[in-house]
Amino acid sequence: MQNFCVVTSHKEIPTSEIVFLKNHLNAVRVDMLGSCGVQFQVHPENITKELGLEISKKIDINFITENERSVYLLASDMDGTILEEECIDEIADLVGKGSEVRSITAQAMQEGLNFEEALQKRLALLKGTKLEVLEHCLSKKINVRPGASVLFKTFKKHFGKTAILSGGFTYFADHIQKKLGADFSFANVLEYKEGRLTGKALGTIVNAEKKLELMKQLIARQGKNSSKVVAVGDGNNDIKMISESGVGISFKGSDHLNFSAKHVLKNSDISAILYLLGIREEQFVY
């Protein structure tokens, strides 16, 4: 079984750093996967997460085996992962509740505040918001991260199905699903009456446990197992599904998630997941 060290960045990796890493890792082989991705074939005894390199502040270093690359499902969080923003924070900004809602969001992300409780508190602050505000938010405030479209399209061509598992809202997730061509999308349903939000969500809340449950349902539907799933997210709400997946990735994630995830991307765009899976830039689908 081959073992790889995959080095990625958001910009071109200098030749000097590649040479340094080849020597430091005692690499058997070096493959340029793209301008922002390099793969080093290494011996198992040279695999360590803690390289202690100064240059690692500008790059991401992750280890993966050939067997782990045999995947069939991508399960991704939406807000802060596929999207640059947290949708609920952007809605709050538009109605003058930004600081209050962001404070609760930060607690949910970093301090272990119960997700369901945090969501209920934030939604209560948005009670009475007109649906026109959501329309404006979607069209003017929400941005898909660079590389997200490439990730979803390329994964579908080379590996299998793609899914959005979001603690956000279907109002946004349904639109993003169509934009990225994702096969599945799950999120919370906002309740509204007479064109205004009631401050509540309908049905079961998509929290950490529900994300894991949904991922397992998708796995069972295809008769596979979780070791063949790529799961990516940025918050504590993603820890359970990422921990249960074969290729669990923290993308610009919280400290708690970084500790739990096998792979961490801090300095690369989200399409670097494709390099991690051994896909070359010329194989990317745009």
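Residues numbered from 1 in each chain as written. Predicted model: local features only at pLDDT ≥ 70, side-chain atom pairs only at ≥ 80, totals over all residues. Heavy atoms only, no water.

Some thoughts on helix 8 (residues 208-221)
So, step 1. Its 14 residues place the ends of helix 8 20 Å apart at the C-alpha level, agreeing with the 20 Å of an ideal helix rising 1.5 Å per residue.
So, step 2. A side-chain oxygen of the first residue of helix 8 lies 3.2 Å from the backbone nitrogen of E209; this N-cap is N207.
So, step 3. Looking one or two places after helix 8, you find G223, whose phi comes out positive at around 65 degrees. (Helix = DSSP H or I, 4+ residues; strand = E, 2+ residues; numbered from the N terminus. Expected span 1.5 Å × (residues − 1). Polar contact = N/O pair within 3.5 Å; in protein donor to acceptor, adjacent residues only side chain to side chain.)

Thoughts on the sheet that holds strand 1 (residues 3-8)
Backbone-to-backbone hydrogen bonds join strands into a sheet, with any given pair of strands oriented parallel or antiparallel.
So, step 1. Taken together, the four strands give an open sheet; going across it, the order is 2-3-1-4, and neighbouring strands pair in antiparallel fashion. Looking along the sheet, the strands with just one partner apiece sit at the ends: strand 2 (29-34) and strand 4 (60-65). Strand after strand, the sheet turns through a mean of 25 degrees between neighbouring axes, direction not considered.
So, step 2. Across five bridges, strand 2 lies against strand 3 (residues 37-42) in antiparallel orientation. Note that in strand 3 the partner of V30 across the bridge is F40.
So, step 3. Where helix 1 (residues 15-25) meets the sheet, its contacts fall on strand 1, strand 2, strand 3 and strand 4, and the angle it forms with strand 3 comes to roughly 20 degrees. (Pairing = 2+ DSSP bridges. Axes fitted to C-alpha atoms, helices over the stretch in contact; angles between N-to-C directions. Contact = heavy atoms within 4.5 Å.)

With respect to the sheet that holds strand 7 (residues 184-193)
So, step 1. The seven strands are arranged 8-7-6-5-9-10-11 in an open sheet whose pairing can be described as mixed. Every interior strand has two partners, whereas the edge strands, strand 8 (196-202) and strand 11 (263-265), have only one. On average, each strand axis in the sheet is inclined to that of its neighbour by 25 degrees, with strand direction left out of account.
So, step 2. Sheet contacts for helix 4 (residues 115-125): strand 6 (161-169), strand 7 and strand 8; angle to strand 8, the most-contacted strand, approximately 170 degrees.
So, step 3. Sheet strands in contact with helix 8 are strand 5 (73-76), strand 6, strand 7 and strand 9 (229-233), and its direction is about 160 degrees off that of strand 6.

Topic: the pattern of salt bridges
So, step 1. A full pass over the atoms with the stated rule returns 13 salt bridges.
So, step 2. D77 is the salt-bridge partner of K211, the closest N and O atoms lying 3.0 Å from each other. One end of the pair, K211, is in helix 8; the other, D77, is in the loop between strand 5 and helix 2 (87-94), and 134 residues separate them in sequence. As far as burial versus exposure is concerned, K211 and D77 are alike and both buried.
So, step 3. E209 is the partner of K240 in a salt bridge, and the nearest nitrogen-oxygen pair spans 3.9 Å. Of the two residues, K240 sits in helix 9 (residues 239-244) while E209 sits in helix 8, which places them 31 residues apart along the sequence.
So, step 4. For K240, a relative accessible area of 37% translates into the label partly exposed.
So, step 5. If you follow the salt bridges from partner to partner, you end up with D89, E90, D93 and R102 in one network. (Salt bridge = Lys/Arg side-chain N within 4 Å of Asp/Glu carboxyl O. Buried < 20%, exposed > 50% of the residue type's maximum accessible area, 1.4 Å probe, protein only.)

Notes on unusual backbone geometry
Most peptide bonds take the trans form, and the phi angle of most residues other than glycine is negative.
So, step 1. You will see that E194, though not glycine, has its phi angle at about 55 degrees, which is positive.
So, step 2. Along the polypeptide, E194 turns up in the loop between strand 7 and strand 8.
So, step 3. Positive phi values are uncommon outside glycine, yet K252 reaches one of about 50 degrees.
So, step 4. Position of K252 among the secondary structure elements: in the loop between strand 10 (247-251) and helix 10 (255-260).

Examining the environment of I61
So, step 1. Examined against the element boundaries, I61 turns out to sit in strand 4.
So, step 2. Sequence separation between I61 and D174 is 113 residues, and the spatial gap between their C-alpha atoms is 33 Å.

Examining the packing of helix 2 against helix 5 (residues 131-140)
When two helices pack together, their arrangement is given by the angle between the helix axes and the distance between those axes.
So, step 1. Where helix 2 contacts helix 5, the axes come no closer than 10 Å and their chain directions differ by 120 degrees. On the basis of their axis angle, the class for helix 2 and helix 5 is oblique. Relative to helix 5, the crossing made by helix 2 is right-handed. Residue-level contacts link C87, E90, I91 and L94 of helix 2 to V133, L134, H136 and C137 of helix 5.
So, step 2. Class assignment for the residues of the contact of helix 2 with helix 5 results in six nonpolar, one polar and one charged. (Parallel < 35°, antiparallel > 145°, perpendicular 65-115°, else oblique. Left-handed = near helix turned anticlockwise from the far one by under 90°. Nonpolar A, V, L, I, M, F, W, Y, C, P; charged D, E, K, R; others polar.)

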